[in-house]
Amino acid sequence: MPELKTKLKEYRAKLDMKQGELADRVGVRRETIIRLEKGLYNPSLKLAMDIAAVFGVTVEELFSFDD
Amino acid sequence: MKKQINIKEILKNKVSLRNAYKFRFCAWAAVFLCSEILLMLQNFGAGIVAINIIRLLICMIIISMFAFSIKLNIENSDELSNMNTLKANMLTAKIIFSLLICSAIIIYVFNKTIFLTISPDTLFGWIMLIVSVYYALQNGLFLAIDGSEEDEAGDE
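Every value quoted in this text rests on a predicted model; they were computed, and no experiment measured them.

## Thoughts on the overall build of chain A
Part 1 of the argument: Scanning chain A for helices and strands turns up five helices and two strands.
Part 2 of the argument: The order of α-helices and β-strands along chain A, N terminus first, is β-α-α-α-α-α-β.
Part 3 of the argument: Computed over the C-alpha atoms, the radius of gyration of chain A is 11 Å, within 12% of the 11 Å expected from 2.2 N^0.38 for a compact globule of 67 residues.
Part 4 of the argument: Along the longest, intermediate and shortest principal axes, the C-alpha atoms of chain A span 30 × 20 × 20 Å.
Part 5 of the argument: Looking at the 67 residues of chain A, the share that counts as buried comes to 46%.
Part 6 of the argument: Just so you have it, chain A exposes about 4,000 Å², and 51% of that area is on carbon and sulfur atoms.
Part 7 of the argument: Both charge centroids of chain A, one from 12 positive and one from 12 negative side chains, sit 5 Å from each other.

This is how it looks when you write it as C-alpha cells:
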C-alpha cells in the first residue's frame, strides 16, 4: 500500500505556525496534526482541503503518495 | 506570594480529550475496585454501615464523572478521535463477549451452578462490576489507540 507523504511540517514552519494553532484553525485536536505529520493518519478529504486552504496551496501540493 | 486559583478561569479553559478520557478511566477503575470490595464485604458478612459507605462512594464517583462532563469545557472530538472511539468500542465489545463465553464454558465444564451466587443484595455490586469493567476497558483502549505520551509533549 502506498504511504502518505506530507509537507505539512515544512509549510507550517514557513508560516511559523504551531501545531496547536493549525489544529484550532481546522477544528481538530493537536494529536491529529501530529499523526498527520508523522504520516500515521490519512485525513478525510474535508480535512485535507481545510489544511490546504490554511496554507493557500492545493491538496496535491501538500499531500502525496509514495510510489 | 501564593498564586490565586480562579475557578472561573479553570472552567473556561479547555480540557484536552485525552485528559477527559484519563479521568474517566481512573474513575471507572475506582468504581471497579469499589465494586470488588463491596462484593467481598458482602461475601464475608461485613456490617451494613461499611457496605453502605462503599455504595455511596461508588455513587459519588459516578456523579462526579457526570458533573465533570457537564461543567468542564472538554475539547471537541474530531475525525481521528471518533475513529479511535469506534475502534475502542469494537475491541471492548469483543473482549467482553469473549470473556462471557469463556465464563459460560468454565461454568459448564466444571458443572458448578455458579462460583459466586448472585442475590438481590449483591446485584448492585455485580452490575457495577460489569459496567465499570466495560467502561474502564473502553477508555483505556481509547488512550492506548489514540496516541502516546510522546504526542502530549510540547508543541513544535
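## Thoughts on the interface of chain A and chain B
By convention, interface size is frequently given as the accessible area that disappears when the constituent parts associate.
Part 1 of the argument: Each partner contributes to the interface: chain A provides 19 residues, whereas chain B provides 19 residues.
Part 2 of the argument: Between chain A and chain B lies a buried interface of about 1,600 Å² when both sides are counted; carbon and sulfur atoms form 39% of it.
Part 3 of the argument: Applying the counting criterion to the chain A and chain B interface returns two salt bridges.
Part 4 of the argument: Two residues, Arg29 of chain A and Asp78 of chain B, come together in a salt bridge whose shortest N-O distance is 3.4 Å.
Part 5 of the argument: Put simply, chain A and chain B have seven residue pairs in polar contact (both at pLDDT 80 or more) between them.
Part 6 of the argument: Counting only elements with at least two residues in the side of chain A that touches chain B, the list comes to α1 (8-14), α2 (19-26) and α3 (30-37) of chain A.
Part 7 of the argument: The biggest single contributor to the side of chain A that touches chain B is α3 of chain A, with five residues.
Part 8 of the argument: In terms of residue class, the side of chain A that touches chain B is built from six nonpolar, five polar and eight charged.

## Here's the deal with the packing of aromatic side chains
Residues and elements named next belong to chain B.
Part 1 of the argument: Counted by the stated rule, this structure contains five aromatic pairs over all chains.
Part 2 of the argument: Ring-pair connections join several aromatic residues into one group, and the members of that group are Trp28, Tyr134 and Tyr135.
Part 3 of the argument: Over the ring of Tyr21 we find Arg24; its NZ or CZ atom is 4.8 Å from the centre of that ring.

## Regarding the side chain of Asp146 of chain B
Part 1 of the argument: Along the chain, Asp146 of chain B falls in helix α5 (residues 123-146).
Part 2 of the argument: Residue class for Asp146 of chain B comes out buried when judged on its relative accessible area of 0%.
Part 3 of the argument: For Asp146 of chain B, the side chain forms a polar contact with the side chain of Arg29 of chain A, separated by 2.8 Å.
Part 4 of the argument: For Asp146 of chain B, the side chain forms a polar contact with the side chain of Asn84 of chain B, separated by 2.8 Å.
Part 5 of the argument: Not counting the four nearest positions on each side in its chain, Asp146 of chain B is found in contact with Arg29, Glu31 and Arg35 of chain A together with Arg18, Ser81 and Asn84 of chain B.

## Observations regarding helix α3 (residues 48-71) of chain B
Every α-helix carries 3.6 residues per turn, so stepping three or four residues along brings you back to the same face.
Residue and element names in this part refer to chain B.
Part 1 of the argument: Spanning 24 residues, α3 covers 34 Å between terminal C-alpha atoms, matching the ideal 34 Å at 1.5 Å per step.
Part 2 of the argument: Along α3, the residues classified as buried are Ile51, Ile54, Ile58, Ile61, Ile62, Met65 and Phe68.
Part 3 of the argument: Considering only its buried residues, α3 is in contact with β1 (14-15), α2 (17-43), β2 (73-74) and α5.

## Overview of the packing of α2 of chain A against helix α4 (residues 45-55) of chain A
Residue and element names in this part refer to chain A.
Part 1 of the argument: Direction vectors running N to C along α2 and α4 enclose 115 degrees, while the axes themselves pass 10 Å from each other. Like other packed secondary-structure pairs, α2 and α4 cross with a definite hand, here right-handed. Note on element contacts: α4 touches α2 through Leu47, Asp50, Ile51, Val54 and Phe55, opposite Leu22, Arg25 and Val26.
Part 2 of the argument: Here the residues of the contact of α2 with α4 are counted per class, giving six nonpolar, no polar and two charged.

## Section: a nonpolar patch on the surface
Part 1 of the argument: Nonpolar side chains collect at one region of the surface, where Phe97, Ile101, Ile105, Ile106, Tyr108, Val109 and Phe110 of chain B lie side by side and expose about 790 Å² of accessible area between them.
Part 2 of the argument: If you trace the backbone, Phe110 of chain B turns up in helix α4 (residues 79-110).

Reading the values: the criteria
Residues numbered from 1 in each chain as written. Chains lettered and ligands numbered in written order. Predicted model: local features only at pLDDT ≥ 70, side-chain atom pairs only at ≥ 80, totals over all residues. Heavy atoms only, no water. Helix = DSSP H or I, 4+ residues; strand = E, 2+ residues; numbered from the N terminus. Rg over C-alpha atoms; globule rule 2.2 N^0.38 Å. Buried < 20%, exposed > 50% of the residue type's maximum accessible area, 1.4 Å probe, protein only. Areas by Shrake-Rupley, 256 points an atom, 1.4 Å probe, with all protein chains shown as cover. Lys, Arg positive; Asp, Glu negative; His and termini not counted. Charge placed at Lys NZ, Arg CZ, Asp CG, Glu CD. Contact = heavy atoms within 4.5 Å. Buried area = accessible area lost by both parts, 1.4 Å probe. Salt bridge = Lys/Arg side-chain N within 4 Å of Asp/Glu carboxyl O. Polar contact = N/O pair within 3.5 Å; in protein donor to acceptor, adjacent residues only side chain to side chain. Nonpolar A, V, L, I, M, F, W, Y, C, P; charged D, E, K, R; others polar. Phe/Tyr/Trp six-rings, centres within 6.5 Å; stacked < 30°, edge-to-face > 60°. Lys NZ or Arg CZ within 6 Å of the ring centre and 35° of its normal. Expected span 1.5 Å × (residues − 1). Axes fitted to C-alpha atoms, helices over the stretch in contact; angles between N-to-C directions. Left-handed = near helix turned anticlockwise from the far one by under 90°. Patch = residues over 30% accessible without salt bridge, like charges linked within 9 Å, V, L, I, M, F, W, Y side chains within 5 Å.

That's the geometry; what it means functionally is another story.
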